[in-house]
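Close look at the chain arrangement
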Amino acid sequence: MKASSTRRTLITTTAAAGVLALSACGGNVAGGSAESGEAFPSGPVTITVGQDAGGSTDRIARAVAEGMAEDLGVAVPVVNKAGANGALATKEVAAMEADGQNLILLNASLITITPLAVGEDEAVNLDNLDVIAGLSQDDYVLVASPESGFETLADIQESTEELNFGTTGVGTGSQLAQAVLFAQAEIDGTAVPFDSGSPALTAVMGDQVDVATIQLGEALPQIEAGTVTPIVTFAEERPEFLPDTPTAIEEGYEVPVSQYRALAAPKGLPEDVKERLIESVQSVRDSETYQEFNQQNILTPWEVTGEEVVEEWNALAEQYKALVEEYDISLSGE
Amino acid sequence: MDFFDPVLNGFGVVLDPQNLLYCLMGVVIGMLIGVLPGLGPAATIAILLPLTYGIDPVTAIIMLAGIFYGAQYGGTITSVLLRLPGEASSVVTVFDGYVLAKQGKAGTALGIAAIGSFIGGTVAIIGLTFLAPLVASFALDFGPPEYTALALVGILLVATISGGTKIKALIAAAVGLLLATVGRDVFTGAERFTFGNLSLADGIDFVPIAMGLFGIGEILYNLEERHRAVSAPAKVANVWPSRADLRKSSGAIGRGSVLGFFLGILPGGGATISSMVSYAVEKKRAKDPSRFGKGAVEGVAGPETANNAAATSSFIPLLTLGIPANATMAIIFGALLIHGITPGPQLISEDPELFWGVVNSMYIGNILLLILSIPLVGLFVKILRVRAAILAPITALITILGAYTIRNSMFDVLLVVLFGALGYLMKKFGFEPGPLVLAFVLGELLESNLRRSLLVLEGDVSGFLTRPISATLLVIFVLVAVGPMIKSALARRQHDTTRVNADS
């Protein structure tokens, strides 16, 4: 058993350890040659993910990594460093050398929504990062349990009962979207935070809460099976995966909330390295495998430039902050 | 029979040589990763997922499922031999398993565990085959109040199952509950005991605590013992479970299978609670409960059977409702989506080949695991013949590697060392780490579900009693808590009256 466990250890850690060693020395090499602009990539390009393996952010990172590895001709390992909604990983990568060998997959909510719920010193902003490109958009949908009988937003507004609404956690798009919508539509209710999307969805299916806001990719199988009823989505336009459900905007409410994801590097990337990375991401976007991946994971491509990502996320952060203040919403409980 | 046609076709799918091969690969990988604490089946499946893109969905899921239940077998080995429980559900196995190993009966413990796991797994698959749609809704009936009540029962059991003195067990459990509060509060986002450290924002992981307290703590303690007196190394005999052991365990295995099957259906914590309940039940039923913690075979057989049955039945909510019951199921859910299959109520009718192929592959997988593990038991127990001076550093290395792989962070390695020191001190002062670790696991479940229940019930505590499942669980809680007290009070009274009678 000793022998086999050692071998196993070798197999599973060779990737991680080897990559660490390689990227460390690769970093040095690139540091020296970055100005000459020829040596990129000088070794494996690591994509750090601030979430656990297996979640949607991780799956997106792995799909992008696969395509980039093909294009760059080097290994592109994905390293998961979960913690504090991704703040831990983001701060760590932001402090690394800006040579393009270390990238981070960002969630918009970390920049735009989490700061509304946590202390300022933990909040992450884009100042220390060079955003390379936007990747995709994951929409939120408000679903109701069949027992509640709700089919439209009007049904919920007319309900005289005390409502419970599930969220996927504090400082998430699910919480923000629902809180703002209900404040604007003058719906009273108690927010019940769950640990993530799946328990919140289960609670709606079992009628433990009346409604919940869930990421579309997670909720769609249940919507199709008829175990939960979609009420509205929070996208700016109807997502192609759910064409018959109105958006909150169509219903007359100003709640554009989606989860966006983008690829970024530490600030100060040499121009040529950045260009090479942008080119590489473009090749991923163009590949059929990646397009299929988006389709299967109910992700809408959101293929904008790094500058547009920064602009849009900063604008959203401002907009959310204003909305929260206007309706006197507190994302951190009372 | 209409029902049996797809079931039998499913066997046809499994017996396809390619599927058999992938099933074997899955269970072998699973068993090996189960041996290393830290890198759990969830992370392994996520990493191996891209490799399955090119193969048939049925084949891919058969392999991924094999990794999951294979890991349950592997976890037993380190719990028994090295006192390293890799998962919360194998913590109770350590209590008697490691003692058995020290008595030179590691073969018995591992053999019984393998047989129990096989039977538990198989019973759960049979349950999955015939009852899946019927029992699936059980998972939906469990809302926050039910989980609160279940966690309460679990925490009460912690005090019952610990071997040492009650008061020390309670102190350790209280520390465990306290540790569970570390991290960002999930209801308000407020920081609790994080000292501004982002690495603590998500709380402490189970693995550094269990690895440190059990593994490193034990190593440090043994080192000191060796300095004091050179004790003769325990005689390691390759003892197979005797007929008597098997007879003693058969009841435990039977009860463990049923407990594991039903509790495993519950999303979140089902496997852990089932192993705890099984241990507590065996201890309560035993003629001489004091044997537990000192090498009772039933104390290994019951929980190991239960956690394997639970691992299998956790597929029920995924395959019939589309609800992932734990982190690994969430990744298999993702894997199914990537292969263009939507897990959910329609899966059985829309994709019977996949459903029955995967279910039936588990029969085969369990047989493969039994065939693999029985001969390997002889090999594994040889580890105990390795001198402590060599074995201890290797164990420490496995532990630290395991802690690092959770989220590639040195912070967790530091935690292992800290908890190792704590574990050493606890052992020195007669505190068992078991209650601390179990209370830690249940504390999170209890706190978040209690607060969630109060939100759902609008702060009305009586709501716990008007819901049938939570009310039943609370009645059980009261009976278990107060029962022994009443019993001993009655016994004393009877004693008093007889004495009074005698006096008069």
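All figures in this text were calculated on a predicted structure; none of them were measured in a lab. (Residues numbered from 1 in each chain as written. Chains lettered and ligands numbered in written order. Predicted model: local features only at pLDDT ≥ 70, side-chain atom pairs only at ≥ 80, totals over all residues. Heavy atoms only, no water.)

Another point: the overall build of chain A. Summing up its helical and strand segments, chain A has eleven helices and ten strands in all. Residues counted as buried form 60% of the 334 residues belonging to chain A. In chain A, 77% of the contacts between residues at least 6 apart in sequence involve partners at least 24 apart. (Helix = DSSP H or I, 4+ residues; strand = E, 2+ residues; numbered from the N terminus. Buried < 20%, exposed > 50% of the residue type's maximum accessible area, 1.4 Å probe, protein only. Contact = heavy atoms within 4.5 Å.)

What follows concerns the interface of chain A and chain B. Listed as interface residues are 51 residues of chain A and, on the opposing side, 52 residues of chain B. Of the roughly 4,400 Å² buried at the junction of chain A and chain B (both faces included), carbon and sulfur atoms supply 62%. Across the pair Arg452(B) and Asp195(A) runs a salt bridge, and its minimum N-O distance is 3.3 Å. For the interface between chain A and chain B, the tally reads ten residue pairs in polar contact (both at pLDDT 80 or more). Secondary-structure elements contributing two or more residues to the side of chain A that touches chain B are α1 (2–33), α2 (56–72), β2 (78–80), α3 (87–94), β6 (189–193), α7 (197–205) and α8 (216–225) of chain A. Considering each element in turn, the side of chain A that touches chain B owes the most residues, eight residues, to α1(A). Here the side of chain A that touches chain B is built from residues that sort into 19 nonpolar, 21 polar and eleven charged. (Buried area = accessible area lost by both parts, 1.4 Å probe. Salt bridge = Lys/Arg side-chain N within 4 Å of Asp/Glu carboxyl O. Polar contact = N/O pair within 3.5 Å; in protein donor to acceptor, adjacent residues only side chain to side chain. Nonpolar A, V, L, I, M, F, W, Y, C, P; charged D, E, K, R; others polar.)

Side chains of nonpolar character tend, in soluble globular proteins, to be buried together. Among the nonpolar cores identified, the biggest contains 159 residues, and Val143(A), Leu64(B), Leu81(B), Ile204(B), Ile209(B), Phe315(B) and Ile332(B) are the most heavily contacted of them. It is helix α4 (residues 57–82) of chain B that contributes the most residues to this core, 16 residues altogether. Leave out the neighbours within four places in its chain, and Ile204(B) touches Leu179(B), Val182(B), Ile209(B), Leu415(B), Phe419(B) and Phe440(B). Counting residues in each nonpolar core, the second largest holds 56 residues, with Leu110(A), Leu142(A), Ile156(A) and Ile187(A) among its members. (Core = buried A, V, L, I, M, F, W, Y, C linked by side-chain atoms within 4.5 Å.)

For the rest of this paragraph, the subject is the pattern of salt bridges. A complete count under the given rule lists 22 salt bridges over all chains for this structure. Across the pair Glu92(A) and Lys81(A) runs a salt bridge, and its minimum N-O distance is 2.6 Å. Within this pair, whereas Glu92(A) is found in helix α3, its partner Lys81(A) is found in the loop between β2 and α3, the two being separated by eleven residues in sequence. Residue Arg451(B) pairs with Glu447(B) through a salt bridge whose shortest N-O separation is 2.8 Å. Linking Arg451(B) with Glu447(B), this pair stays in helix α19 (residues 433–456), spanning four residues, or about one helical turn.

Below, the discussion takes up unusual backbone geometry. A positive phi angle, close to 60 degrees, is found at Asn85(A), a residue other than glycine. Inspection of the secondary structure puts Asn85(A) in the loop between β2 and α3. On the basis of relative accessibility, which here comes to 35%, the residue Asn85(A) falls in the partly exposed class. Positioned with a positive phi, Arg83(B) is a non-glycine residue whose angle comes to about 65 degrees.

Glancing now at the side chain of Gln208(A). Inspection of the secondary structure assignment puts Gln208(A) in the loop between α7 and β7 (211–215). A distance of 3.0 Å separates a polar side-chain atom of Gln208(A) from the backbone oxygen of Leu140(B). With near-sequence residues (within four places) excluded, Gln208(A) lies in contact with Ala203(A), Leu140(B), Asp141(B), Phe142(B), Gly143(B), Pro144(B), Val456(B) and Arg467(B).

All names here are of chain B. Interaxial distance between α4 and helix α5 (residues 91–102) falls to 6 Å at its minimum, and their mutual angle equals 55 degrees. Regarding the angle of α4 to α5, the classification is oblique. At the point where α4 passes α5, the crossing takes the right-handed sense. On the side of α4, the interface is formed by Thr 76, Ser 79, Val 80, Leu 81 and Leu 82, while α5 contributes Thr 93, Val 94, Gly 97, Tyr 98 and Ala 101. Among the residues forming the contact of α4 with α5, the class breakdown is six nonpolar, four polar and no charged. (Axes fitted to C-alpha atoms, helices over the stretch in contact; angles between N-to-C directions. Parallel < 35°, antiparallel > 145°, perpendicular 65-115°, else oblique. Left-handed = near helix turned anticlockwise from the far one by under 90°.)

All names here are of chain B. A cluster of nonpolar side chains, namely Phe 4, Leu 8, Ile 126, Phe 130, Leu 131 and Leu 134, defines an oily patch on the protein surface of about 560 Å² accessible area. It is helix α6 (residues 106–141) that contributes the most residues to the nonpolar patch, four residues altogether. Residue placement: Leu 131 occurs in helix α6. Given the relative accessible area of 33%, Leu 131 is considered partly exposed. (Patch = residues over 30% accessible without salt bridge, like charges linked within 9 Å, V, L, I, M, F, W, Y side chains within 5 Å. Areas by Shrake-Rupley, 256 points an atom, 1.4 Å probe, with all protein chains shown as cover.)

Before going further, it helps to spend a moment on the packing of aromatic side chains. All names here are of chain B. Counting across every chain of the model gives eleven aromatic pairs over all chains. Between Phe 142 and Tyr 147, the ring centres sit 5.4 Å apart and the planes meet at 70 degrees, which makes this aromatic pair edge-to-face. Side by side, Phe 142 and Tyr 147 carry an identical accessibility label, which is buried. With a centroid separation of 5.1 Å and 80 degrees between ring planes, the pair formed by Phe 261 and Phe 262 is classed as edge-to-face. A relative accessible area of 4% means that Phe 261 is categorised as buried. On the accessibility criterion, Phe 262 (36% relative accessible area) is partly exposed. (Phe/Tyr/Trp six-rings, centres within 6.5 Å; stacked < 30°, edge-to-face > 60°.)

Below, the discussion takes up the environment of Val204(A). Residues and elements named next belong to chain A. Mapped onto the elements, Val 204 comes out in helix α7. Val 204 sits in the buried class, given a relative accessible area of 0%. For Val 204 and Thr 227, which are 23 residues apart along the polypeptide, the C-alpha to C-alpha distance reads 8.9 Å. Aside from chain neighbours lying at most four places away, what touches Val 204 is Val 143, Ala 144, Ser 145, Val 209, Asp 210, Val 211, Ala 212 and Val 228.

Let's shift gears to the pairing of strand β1 (residues 46–49) of chain A. Residues and elements named next belong to chain A. Here β1 shows no split at all, with Thr 46 and Thr 48 on one side and Ile 47 and Val 49 on the other all buried. Pairing of β1 with strand β3 (residues 102–107) involves four bridges; the strand directions are parallel. Bridging across to β3, Ile 47 finds its partner in Leu 103. One ladder, built from three bridges, connects β1 with β2; its direction is parallel. (Pairing = 2+ DSSP bridges.)

Our next topic: α19(B). Residue and element names in this part refer to chain B. For α19, which comprises 24 residues, the first-to-last C-alpha distance of 35 Å matches the rise-based estimate of 34 Å (1.5 Å per residue) to within 8%. Roughly 30 degrees is the biggest bend found in α19, and it falls at Leu 442. The element α19 is extensively covered by neighbouring structure, given that 17 of its 24 residues are classed as buried. Glu 458, located one to two residues past α19, shows a positive phi value of around 55 degrees. (Expected span 1.5 Å × (residues − 1). Bend = angle between axes of the 7 residues up to and from the residue.)

What follows covers the packing of α5(B) against helix α12 (residues 298–313) of chain B. Two numbers describe a pair of packed helices, the interaxial angle and the distance between the axes. All names here are of chain B. Two numbers describe how α5 lies on α12: the axes approach to 8 Å, and their chain directions differ by 140 degrees. The angle between α5 and α12 places the two elements in the oblique class. Crossing of α5 against α12: the hand is left-handed. Where α5 abuts α12, its residues Val 92, Thr 93, Asp 96, Gly 97 and Leu 100 lie against Gly 299, Val 300, Pro 303 and Glu 304. By residue class, the composition of the contact of α5 with α12 is four nonpolar, three polar and two charged.

All names here are of chain A. As far as domains go, chain A holds domain 1 (2–137 + 260–322) and domain 2 (139–257). Buried surface at the junction of domain 1 and domain 2, both sides included, amounts to about 1,300 Å², of which 55% is carbon and sulfur. In terms of surface lost to domain 2, no three residues of domain 1 exceed Ile 113, Ile 298 and Tyr 320, which account for 40% of the buried area on that side. Across the contact surface, domain 1 and domain 2 share zero salt bridges. The tally of links from domain 1 across to domain 2 stands at three residue pairs in polar contact (both at pLDDT 80 or more). Where the side of domain 1 that touches domain 2 is concerned, the elements lending two or more residues are β9 (258–266), α10 (288–296) and α11 (306–326). A total of three residues in the side of domain 1 that touches domain 2 trace back to one element, the largest contributor, which is α11. The residue makeup of the side of domain 1 that touches domain 2, split by class, is eight nonpolar, nine polar and one charged. (Domains from an automatic or database assignment.)

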